[in-house]
Amino acid sequence: MADRLEQYRSKRDASRTPEPVPAEPPAPGDGTAFVIQEHHARSLHWDLRLERDGVLVSWAVPKGLPQDPRTNHLAVRTEDHPMEYLDFHGEIPKGEYGGGTMTIWDRGTYETEKWSEREVKVVLRGERAAGRFVLFQTNGKNWMIHRMDPPVADPFPPLEPMLPVERRSLPRDVRAHAFEFAWGGRRLMVPIEGGRTDAATEHPWLRALATSFGSRTALLDGEVVTLAGAEVLVCYDLLYDDGRSLVDQPYTVRREALESLGLSSARWQTAPSWPGEAAPVRQAAREQSLPGVIAKRLDSRYEPGSSKAWQFIPA
């Protein structure tokens, strides 16, 4: 009987990698465990592994499991892995096969509805991954994974940005507003899904931001501004977060969710916001030669297009 771990062993040096590398062929088994590992290797992806006949049958899924049945995701068939990989997490050394950080994203059990050489239909029962999925071969190692259940998340919203109306003076009810700098940059919506963003086509430096989100989906609203000679994304709104649309939530809820992301680096940051502090923020904008301030109603939902809930006041 062929050793199903032969290819796995041939790609790894047991003296260099912390991965389990069993010396003996796998023993037959009939378990139903699965694990999904988030793998920050040369490119971010997720590894789906299903226990079958004493090994973990594996696929690399670049964008993670699809949440919507209208969208299929690529799944690349990889070598079978040993059962010990159900619990593996850690740092695979650079230069080794699959070098990078691996964490356990989810695990549980599954039920087989169909298993053939070209099609695998299962029901996953995990904490984060649950439902009916089918994997089907398209060309050689390339498969696709399709969600068979209804969507588990709000639809990802394609939105136009919310725009302020211009006013010459500060609003009278300053306590009902938060005040932010008007940066004078170029507006940019940043959709993030599966550790990737379309915004990186024009701004390649945003790839690292998208990767940092892992499997978390998000839609950020902000501006690209030049600070100290470098382009920086200044984020001031969060419209979609991990499967949930925030468009109809008040500014205060969206702002709290944005701040919880902890966006802070040399190339992206969360825009500061000061509820009720109109005059000091406007004065600071003048001193920093910024165009002005934006007054945002604390109870306002996100309204694509021009809205009186946001007001631009020149410095």
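Moving on, we come to the overall build of the protein. Along its length, the protein carries four helices and 19 strands. For the protein, the spread of C-alpha atoms along the principal axes amounts to about 80 × 40 × 30 Å. Among the 315 residues that make up the protein, the fraction classed as buried is 45%. Residue pairs at least 24 apart in sequence account for 60% of intrachain contacts in the protein once pairs closer than 6 positions are excluded. If you sum the accessible surface of the protein, you get close to 15,500 Å²; carbon and sulfur atoms cover 49% of it. Put simply, the protein has 40 plus and 45 minus side-chain charges, and the middle of one group is 6 Å from the middle of the other.

Moving on: the side chain of Gln311. With respect to the helices and strands, Gln311 occurs in strand 19 (residues 305-314). Those residues in contact with Gln311, other than ones at most four positions away along the chain, are Pro164, Val165, Arg167, Pro171, His177, Val293, Ile294 and Ala295.

Among the residues making up helix 3 (residues 251-260), those that are buried are Tyr251, Arg254, Arg255, Ala257 and Leu258. In an axial view of helix 3, the angular spread of the buried residues amounts to 165°, which keeps them on one side of the axis. What points out from helix 3, more than 90 degrees from its buried face, is the exposed set Glu256 and Ser260. Next to the buried residues of helix 3 lie strand 11 (177-182), strand 13 (218-227), strand 14 (230-241), strand 16 (268-270), strand 18 (292-297) and strand 19. Looking one or two places after helix 3, you find Gly262, whose phi comes out positive at around 65°.

Conventions and cut-offs
- Counting from 1, residues in each chain are numbered in the order their sequence is written.
- With pLDDT at 70 or above as the cut-off, local features in this predicted model cover only qualifying residues; side-chain atom pairs require 80 or more to be listed or tallied, and sums for whole chains, interfaces and linings still use all residues.
- Where side-chain values are given, they derive from all heavy atoms of the structure, hydrogens and water being excluded.
- Secondary structure elements are defined from DSSP: runs of H or I of at least 4 residues count as helices, runs of E of at least 2 residues count as strands, and each element is numbered from the N terminus.
- Accessible area is worked out with a 1.4 Å probe on protein chains only. A residue is then buried under 20% of its type maximum, exposed over 50%, and partly exposed in between.
- Contacts were defined at the residue level, with two residues in contact if any of their heavy atoms lie within 4.5 Å.
- Surface accessibility in these figures is a Shrake-Rupley result with a 1.4 Å probe; residues are shielded only by whichever protein chains are displayed.
- Counting rule for charge: Lys and Arg are taken as positive, Asp and Glu as negative, and neither His nor the chain ends is counted.
- Each charge is placed at NZ for Lys, CZ for Arg, CG for Asp and CD for Glu.
- To obtain the arc, one takes the directions from the helix axis to the C-beta atoms.

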